[in-house]
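A closer look at the structure
Here's the letter readout for the chains.
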Amino acid sequence: MESMIATRYAKAIISRADIDEFYQNLCILNSAFALPKFRNIIESTQVKKEKKEFLNSFFETKNSNFQNFLKLLVENSRLSCIPHIIKELQRQKAFKENIFEGIIYSKEKLDPKDLADLQVKLNKKFNANIKLNNKTNQDDSVKIELEELGYELSFSMKALQNKLNEYILKII
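Residues numbered from 1 in each chain as written. Predicted model: local features only at pLDDT ≥ 70, side-chain atom pairs only at ≥ 80, totals over all residues. Heavy atoms only, no water.

Quick word on the pairing of strand β2 (residues 129–136)
For clarity, the threshold we go by: One bridge is not enough; two strands pair if DSSP finds at least two bridges between them. Counting from the N terminus, the helices are DSSP H or I runs at least four residues long and the strands are E runs at least two residues long.
Sheet topology places strand β1 (residues 99–106) next to β2; 8 bridges connect them, and they run parallel. Bridging from a neighbouring strand, S106 pairs with T136 of β2.

Some words on the environment of H84
To be explicit about the condition: Throughout, exposure labels follow a simple rule: accessible area from a 1.4 Å probe, protein chains only, divided by the maximum for the residue type, with under 20% read as buried, over 50% as exposed, and the rest as partly exposed. Should any heavy atoms of two residues lie within 4.5 Å, those residues are considered in contact.
Position of H84 relative to the elements: it lies in helix α5 (residues 82–97). Taking the relative accessible area as the measure of exposure, H84 reaches 34% and is therefore partly exposed. It is 9.4 Å that separates the C-alpha atoms of H84 and M4, two residues lying 80 residues apart in sequence. What H84 contacts, discounting residues up to four positions off in sequence, is E2 and A6.

Overview of the sheet that holds β2
This is how it is decided: Axis definition: a line fitted to C-alpha atoms, over the contacting stretch in the case of helices. Angles run 0 to 180 degrees between N-to-C directions.
Ordered by their spatial adjacency, 4 strands build an open sheet running β2-β1-β3-β4, and the pairing between neighbours is mixed. Each edge of the sheet is formed by a strand with only one pairing partner; in this case those strands are β2 and β4 (151–155). Across the sheet, the axes of successive neighbouring strands diverge by a mean angle of 15°, strand direction being ignored.

Regarding the side chain of S141
Test applied: Between N or O atoms, a polar contact is any pair within 3.5 Å; within protein, one atom must be a potential hydrogen donor and the other a potential acceptor, and residues adjacent in sequence are included only when both atoms are from side chains.
Mapped onto the secondary structure, S141 falls in the loop between β2 and β3 (142–146). A distance of 3.1 Å separates the side chain of S141 from the side chain of D139, its partner in a polar contact. Those residues in contact with S141 that lie beyond four places of it in its chain are Y105, S106, K107, F155 and S156.

Focus on the packing of aromatic side chains
Test applied: Stacked, tilted and edge-to-face are the three classes applied to pairs of Phe, Tyr and Trp rings, where Trp contributes its six-membered ring and a pair requires centres within 6.5 Å; stacked means planes under 30 degrees apart, edge-to-face means over 60, and tilted covers the rest. Two conditions define a charge located above a ring, namely a distance within 6 Å from the ring centre to NZ of Lys or CZ of Arg, and an angle within 35 degrees of the ring normal.
Evaluated as defined, the whole model comprises 7 aromatic pairs. Centre to centre, the rings of F33 and F38 are 5.2 Å apart; their planes meet at 85°, and the pair counts as edge-to-face. Of the two residues, F33 and F38, both sit in the buried class. When the ring of F95 is compared with that of F100, the centres are 5.1 Å apart and the planes differ by 75°; the resulting orientation is edge-to-face. Three or more aromatic residues joined by ring pairs make a cluster, and in this case those are Y9, F22, F66 and F69. Its guanidinium or amino end placed over the ring of Y23, K93 lies 4.3 Å from that ring's centre, counting from NZ or CZ.

A short note on unusual backbone geometry
Note on backbone geometry: most residues besides glycine have negative phi, and most peptide bonds are trans. Although it is not a glycine, S77 adopts a positive phi angle of roughly 55°. Along the chain, S77 turns up in the loop between α4 (64–75) and α5. The phi torsion at N98 lies on the positive side, around 60°, for a residue other than glycine. Within the secondary structure layout, N98 lies in the loop between α5 and β1. Assessed through its relative accessible area of 33%, N98 is described here as partly exposed.

Considerations on the packing of helix α2 (residues 19–32) against α4
To be explicit about the condition: Should an angle fall under 35 degrees it is called roughly parallel, over 145 degrees roughly antiparallel, and 65 to 115 degrees roughly perpendicular, with every other angle called oblique. Whether a crossing is left-handed or right-handed is set by the direction in which the near helix is turned from the far one by less than a right angle, anticlockwise for left-handed and clockwise for right-handed. For this classification, Asp, Glu, Lys and Arg are treated as charged, while Ala, Val, Leu, Ile, Met, Phe, Trp, Tyr, Cys and Pro are nonpolar and the rest, including Gly, are polar.
One can describe the packing of α2 onto α4 by two numbers: an axis separation of 10 Å at closest approach and a directional angle of 45°. One element, α2, and the other, α4, form an angle in the oblique class. Note that α2 runs across α4; the crossing there is right-handed. Of the residues in α4, those in contact with F22, N25, L26 and L29 of α2 are N65, F66, F69 and L70. Of the residues belonging to the contact of α2 with α4, the class tally is 6 nonpolar, 2 polar and no charged.

Below is the structure:
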């Protein structure tokens with residue numbers, strides 16, 4: 001439910017001329033959600049909606065459009081959707097700018113040069129700007145995951161050995 005709501009808000013924000021200012025302001029609010037006390041205040045039904053206007057004090061410069069956006073979130077009791085809105089906004093912004101992040105899982109940390117080579121090859125394949133992050137895992141497989149593009153490539157020695165065994169058994 002919250003993701004559907006966040007998608008609608010993110011679509012409205014992404015079409016704005018002042019998207020960067022909205023995004024920065026939402027990031028400021030999103031960082032406050034890491035504090036449990038802040039989250040309790042936002043989610044509390046005992047705190048009146050008028051009192052939740054204190055959120056405007058987070059910003060040095062006042063943008064009337066952003067203040068109206070906050071009022072709308074307060075009135076509809078959707079302040080808790082801000083982290084979801086940020087996530088969706090980042091996703092839609094990446095699609096708009098054709099920049100995508102991916103993860104490559106491997107047993108050992110990859111050399112930065114190898115990682116850069118993989119990025120260049122994937123950039124050509126998808127005609128997009130792809131940034132890869134390397135994460136280590138315990139098994140001997142290598143896996144490249146580009147969630148936003150729906151792409152996953154994996155290679156494991158175990159699977160290769162199984163295929164070789166099947167092939168040898170078929171020949172015999």
